[in-house]
Amino acid sequence: MERPQTFADIALRPALQETVAKVGYLKPTPIQAYLIPRALINRDVIGQAQTGTGKTAAFLLPFLNSWQPGEAPGPQAIILVPTRELVSQVVEEARKLTPEPQCKTVAIYGGQRIKGQIDAVRAGLSIAVGTPGRVLDHLARGTLNFSNVRYVVLDEADRMLDIGFRPDIERILRRCPARRQTLLLSATLPETVLKLATRYMVKPIHINLAPKRITVEKIRQTYITVDKERKFDLLKLVLEREKPKQCIIFCERKRWAQELYEDLKNHDMPAGVMHGDMEQAQREKVMQRFRAAKIELLVATDVVGRGIDVTGISHIINYDLPIDPENYVHRIGRTGRMGKDGIAIAFVTPEQGELLTNIETFINKQLDAEEIQGFEAFRKRIETTSEPAEEKKQVPVFGRKRRNYRRGI
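A quick note: this is a predicted structure, and the numbers were derived from the prediction, not measured.

Here is what the cut-offs are and how they apply
Residues numbered from 1 in each chain as written. Predicted model: local features only at pLDDT ≥ 70, side-chain atom pairs only at ≥ 80, totals over all residues. Heavy atoms only, no water. Helix = DSSP H or I, 4+ residues; strand = E, 2+ residues; numbered from the N terminus. Buried < 20%, exposed > 50% of the residue type's maximum accessible area, 1.4 Å probe, protein only. Salt bridge = Lys/Arg side-chain N within 4 Å of Asp/Glu carboxyl O. Pairing = 2+ DSSP bridges. Phe/Tyr/Trp six-rings, centres within 6.5 Å; stacked < 30°, edge-to-face > 60°. Lys NZ or Arg CZ within 6 Å of the ring centre and 35° of its normal.

1. A look at the environment of Glu85
Next, step 1: Mapped onto the elements of the fold, Glu85 is located in helix H4 (residues 84-97).
Next, step 2: Taking the relative accessible area as the measure of exposure, Glu85 reaches 5% and is therefore buried.
Next, step 3: Residues Glu85 and Met287, 202 residues apart in the sequence, show an inter-C-alpha distance of 8.3 Å.

Written as structure tokens, this is what we have:
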């Protein structure tokens, strides 16, 4: 099957072609070019690609192309995703791409009153987008009926299985008709995902567009060593130097994110914050403002490490290094979207040499060290030896420790 060079080369019905052109989609990304034509012929498809490559439109357009007014009561399509934020993103994209207003999409996830969702479902829907737990809740209540589902999407399947959704997903798939089309999208294909595909998909076509390297090549990745007490001063200087278009500043703990957000506000640096202690309505409001570029700096925990597709993010700052190297990959993947360049800067304290080395080993790439000219990254340490000052060689704690890790000591 020849790869289409433009969306006009893909056999979409005229009304959908017009909508695609209106939203500015002219040339399909690789995952769109390979997946859409195969899904259009009703084949099950496994699409392996990183986030930020346009896969949301890739799995929505085939269903929207086949949808017709007067279909059996919905939903006809069910899309399962791992997080609330990703539900909102998929729903927004579906509503943007749908030519017919009768083809309604409903968001189904926890953290908000279920009555509003029940009312939206009863008003009629064609596409249900949800997290597995809340979808199961609706099935148990009888407010969702899957008897007419003909199109199923498992988006970010590896992530859903990582956070324990496999039993829920299997229960949902068993409630769907056997005669259906199933698409599975995943950045990686561990054994657990392959077993799920083998059990619930029919002779799927496998499209592998995952890069050989885990990290995105277009992202410039550097680190700066700094004492913990000097991190905020360093952050101010980095932001002044970089002047980011939009930036996510990642913290490892919810409390630390809230404290950093308040420090930024106290220094007249407008920012937003997102973490797990916030109400879902608050998080949605912040994300809406961030997507609309009304917020330049977003302080966040890994609650937004995956599933947020904001193309204007120019910088990622790892204010705290993640303990899990895989989270580093998900964090920096928020920049460099859709082929654009991005910048990721990590702050590393002297005792974190092992964490940095683990990240570099995981991504098979050594990060470049940098420093801010004139900035005292380390507090002055009191010398406890009587050696003459001129004979002493200054070796940063971090530098010595990191070299030892590289030698396997």
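2. Quick word on the pattern of salt bridges
Next, step 1: Scanning the entire structure with this criterion turns up 22 salt bridges.
Next, step 2: With its nearest N and O atoms 3.1 Å apart, the salt bridge here joins Asp277 to Lys254. Taken as a pair, Asp277 in the loop between strand E10 (271-274) and helix H12 (280-291) and Lys254 in helix H11 (residues 254-266) lie far apart in primary sequence, 23 residues in all.
Next, step 3: Of the charged contacts in the structure, one is a salt bridge between Asp302 and Arg331, with a shortest N-O distance of 2.8 Å. You can see Asp302 sitting in the loop between strand E11 (297-300) and strand E12 (315-318) and its partner Arg331 sitting in helix H13 (residues 325-332), a full 29 residues away along the chain.
Next, step 4: Looking at Arg331, the relative accessible area reads 0%, which means it is buried.
Next, step 5: Members of the salt-bridge network, linked through shared partners, are Arg166, Glu170, Arg174 and Arg199.

3. Considering the pairing of strand E6 (residues 181-186)
Next, step 1: Most of E6 sits inside the fold, with 6 of its 6 residues counted as buried.
Next, step 2: Taking every second residue as pointing to the same face, both faces of E6 are buried, with Gln181, Leu183 and Leu185 on one and Thr182, Leu184 and Ser186 on the other.
Next, step 3: As defined by bridge partners, strand E1 (residues 45-48) adjoins E6 across 4 bridges and the pair is classed as parallel. Note that in E6 the partner of Ile46 across the bridge is Leu184.

4. Quick notes on the packing of aromatic side chains
Next, step 1: Applying the stated criterion to the full structure yields 3 aromatic pairs.
Next, step 2: Judged by centre distance (5.5 Å) and plane angle (40 degrees), the rings of Phe63 and Tyr151 are tilted. With a gap of 88 residues between them, Phe63 in helix H3 (residues 55-66) and Tyr151 in strand E5 (residues 151-154) connect regions that are remote in the sequence. Each member of the pair, Phe63 as well as Tyr151, is classed as buried.
Next, step 3: Over the ring of Trp256 we find Lys228; its NZ or CZ atom is 6.0 Å from the centre of that ring.
Next, step 4: The ring of Tyr319 carries the charged tip of Lys231 above its face, separated from the ring centre by 4.8 Å.

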